[in-house]
Amino acid sequence: MKADRLKSRLPVLLAVIIVLMICIGAVRHCGDSSCSQLVEQYRRPGGDTLAVAIEMSPLTYTFENDTAEGFDYSILRGIADAHGMKVAFYPVGNLDDAFLGLRDGKYDLLVATIPATARLKEYFPLTCPVYLDRQVLVQRRDTSGLGPVRSQLDLRGDTVWLAPGSPVRSRLRNMAHEVGDTIYLETLPEYNSEHLAILTANGEIRHAVVNEAVASRVAADYPVLDISTPVSFNQFQVWAVAPGDSTLLDSLDTWLEQFKQTDAYSRLSERYL
């Protein structure tokens, strides 16, 4: 009888043994370096490590042959190396989420294409200028006989696409008020400025507003793009610091001004701007 009972339970026992073996294997696998690296990647650093949300774009932060590159990334990396600062980078594509993370203490610093606007200063401490740039209208050269937009007046009643969280939204709303008509503003949650420029080149959207430095790098690969119509004056581009962290802000201001006087900054400017 006992033998029959054991025999009937044998499939269940085998299943339990298999599950236990899989669990043991998984625990051992998570002990290796690759798993620990993944854990570190998604855990906010402690101690004196700076948590930096950095925008994925051809100007700010990108990868070339598995090597991290970018104008802002290289500047911060140079500052960190010079002053012995530990940095953990968290790539972001949606600036809305990045600003929320900065406000809620998830990040210490947001590095992105951010113009220093009066409205943004109401919510976040902004560093001294990192570089000078402006917003331009990205459009195709062939516009089905309508001709490219050359005046803000031509945008009346039209739709313009922006990256989520783009500070230029307030500028376009003011522009609509100035021309006395509606300019419809649209975003795609997972699409940054680079993506919008590419969508414009492919004819999927008609107009996008993008920083000129980013637009120039995309237009080099998509000659069909016209980026010659400015939407804003030249503006200082800055980084945003978590509210209340005046010590970090003061240090970054000092280090940025020092770095901007170096040959390394000049070389980066020639390469990216």
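See above for the structure.
From a predicted model like this one, the values you see are computed outputs, not experimental measurements. (Residues numbered from 1 in each chain as written. Predicted model: local features only at pLDDT ≥ 70, side-chain atom pairs only at ≥ 80, totals over all residues. Heavy atoms only, no water.)

Caption draft 1: Structural detail: the overall build of the protein chain. Within the protein chain, the secondary structure is distributed over 10 helices and 12 strands. Within the protein chain, buried positions represent 43% of all 273 residues. As displayed, the protein chain offers around 15000 Å² of accessible surface, 54% of which is attributable to carbon and sulfur atoms. (Helix = DSSP H or I, 4+ residues; strand = E, 2+ residues; numbered from the N terminus. Buried < 20%, exposed > 50% of the residue type's maximum accessible area, 1.4 Å probe, protein only. Areas by Shrake-Rupley, 256 points an atom, 1.4 Å probe, with all protein chains shown as cover.)

Caption draft 2: Quick look at the pattern of salt bridges. Throughout the structure, instances matching the rule amount to 8 salt bridges. For Asp158, the salt bridge identified is with Arg206, shortest N-O distance 2.7 Å. In this pair, Asp158 sits in the loop between strand S7 (135-140) and strand S8 (159-162) while Arg206 sits in the loop between helix H7 (193-201) and strand S10 (208-211), placing the two residues 48 residues apart along the sequence. What makes Asp158 buried here is its relative accessible area of 16%. Exposure remark for Arg206: the relative accessible area of 35% places this residue in the partly exposed category. A salt bridge links Glu257 to Lys260; the shortest N-O distance between them is 3.8 Å. Using a relative accessible area of 22% as the deciding quantity, one classes Lys260 as partly exposed. Ionic contacts of the salt-bridge type, sharing partners, join the residues Arg141, Arg150 and Asp226 into one network. (Salt bridge = Lys/Arg side-chain N within 4 Å of Asp/Glu carboxyl O.)

Caption draft 3: Region of interest: the pairing of S7. Summarising burial for S7: 5 of the 6 residues are buried, a large majority. In the sheet, S7 pairs with strand S11 (residues 225-230) via 4 bridges, with the strands oriented antiparallel. If you follow Arg140 over to S11, its bridge partner there is Leu225. (Pairing = 2+ DSSP bridges.)

Caption draft 4: Structural view of the nonpolar core. Ranked by internal contacts, the top residues of the largest apolar core, which has 48 residues, are Phe71, Ile75, Leu109, Val138 and Trp239. Every residue in contact with Phe71, bar those within four places of it in the chain, is listed here: Leu59, Thr60, Val130, Tyr131, Tyr265, Leu268, Ser269, Tyr272 and Leu273. (Core = buried A, V, L, I, M, F, W, Y, C linked by side-chain atoms within 4.5 Å. Contact = heavy atoms within 4.5 Å.)

Caption draft 5: Structural context of the packing of aromatic side chains. Within this structure, the stated rule accounts for 10 aromatic pairs. Pairing Tyr61 with Tyr73 gives two aromatic rings, centres 5.2 Å apart and planes at 55 degrees, and the pair type is tilted. Here Tyr61, found in the loop between strand S1 (50-55) and strand S2 (62-64), pairs with Tyr73, found in helix H3 (residues 71-83); they are 12 residues apart in sequence, far enough to count as distant. An angle of 15 degrees between the planes, with centres 6.2 Å apart, marks the rings of Tyr61 and Phe89 as stacked. With Tyr61 in the loop between S1 and S2 and Phe89 in strand S4 (residues 87-92), the pair connects residues that are 28 residues apart, well separated along the chain. Judged by its relative accessible area of 7%, Tyr61 falls in the buried class. On the basis of relative accessibility, which here comes to 18%, the residue Phe89 falls in the buried class. (Phe/Tyr/Trp six-rings, centres within 6.5 Å; stacked < 30°, edge-to-face > 60°.)

Caption draft 6: Quick look at the packing of H3 against helix H10 (residues 263-272). Closest axis-to-axis distance for the H3/H10 pair is 10 Å, and the angle between their directions is 170 degrees. Of the possible angle classes, the one that applies to H3 and H10 is roughly antiparallel. The residues of H10 that touch H3, namely those facing Phe71, Ser74 and Ile75, are Tyr265, Leu268, Ser269 and Tyr272. Residues belonging to the contact of H3 with H10 are distributed by class as follows: 5 nonpolar, 2 polar and no charged. (Axes fitted to C-alpha atoms, helices over the stretch in contact; angles between N-to-C directions. Parallel < 35°, antiparallel > 145°, perpendicular 65-115°, else oblique. Nonpolar A, V, L, I, M, F, W, Y, C, P; charged D, E, K, R; others polar.)

Caption draft 7: View of the packing of H3 against helix H9 (residues 246-259). Running from amino to carboxyl end, H3 crosses H9 at an angle of 105 degrees, the nearest separation of the two axes being 10 Å. Considering their axes alone, H3 and H9 lie roughly perpendicular with respect to each other. In contact with Ile75, Gly78, Ile79 and His83 of H3, H9 contributes Trp255, Leu256, Gln258 and Phe259. Taken together, the residues of the contact of H3 with H9 break down into 5 nonpolar, 3 polar and no charged.

Caption draft 8: Molecular detail of the sheet that holds strand S12 (residues 235-241). In spatial order, the strands read S4-S1-S5-S12-S6; together these 5 strands make up an open sheet with mixed pairing. Strands at the two margins of the open sheet, each flanked by one partner only, are S4 and strand S6 (131-133). For this sheet the average axis-to-axis angle between neighbouring strands, irrespective of direction, equals 35 degrees. Direction of pairing for strand S5 (residues 109-115) relative to S12: antiparallel, over a ladder of 4 bridges. The residue bridging Ile114 from the neighbouring strand is Val238, located in S12.

Caption draft 9: Region of the structure containing H10. If you check which residues of H10 are buried, you get Tyr265, Leu268, Ser269 and Tyr272. Seen from one end, H10 has its buried residues packed into an arc of 100 degrees, which puts them on one side. Residues of H10 that are exposed and point over 90 degrees away from its buried face: Asp263, Arg267 and Glu270. (Arc of directions from axis to C-beta.)

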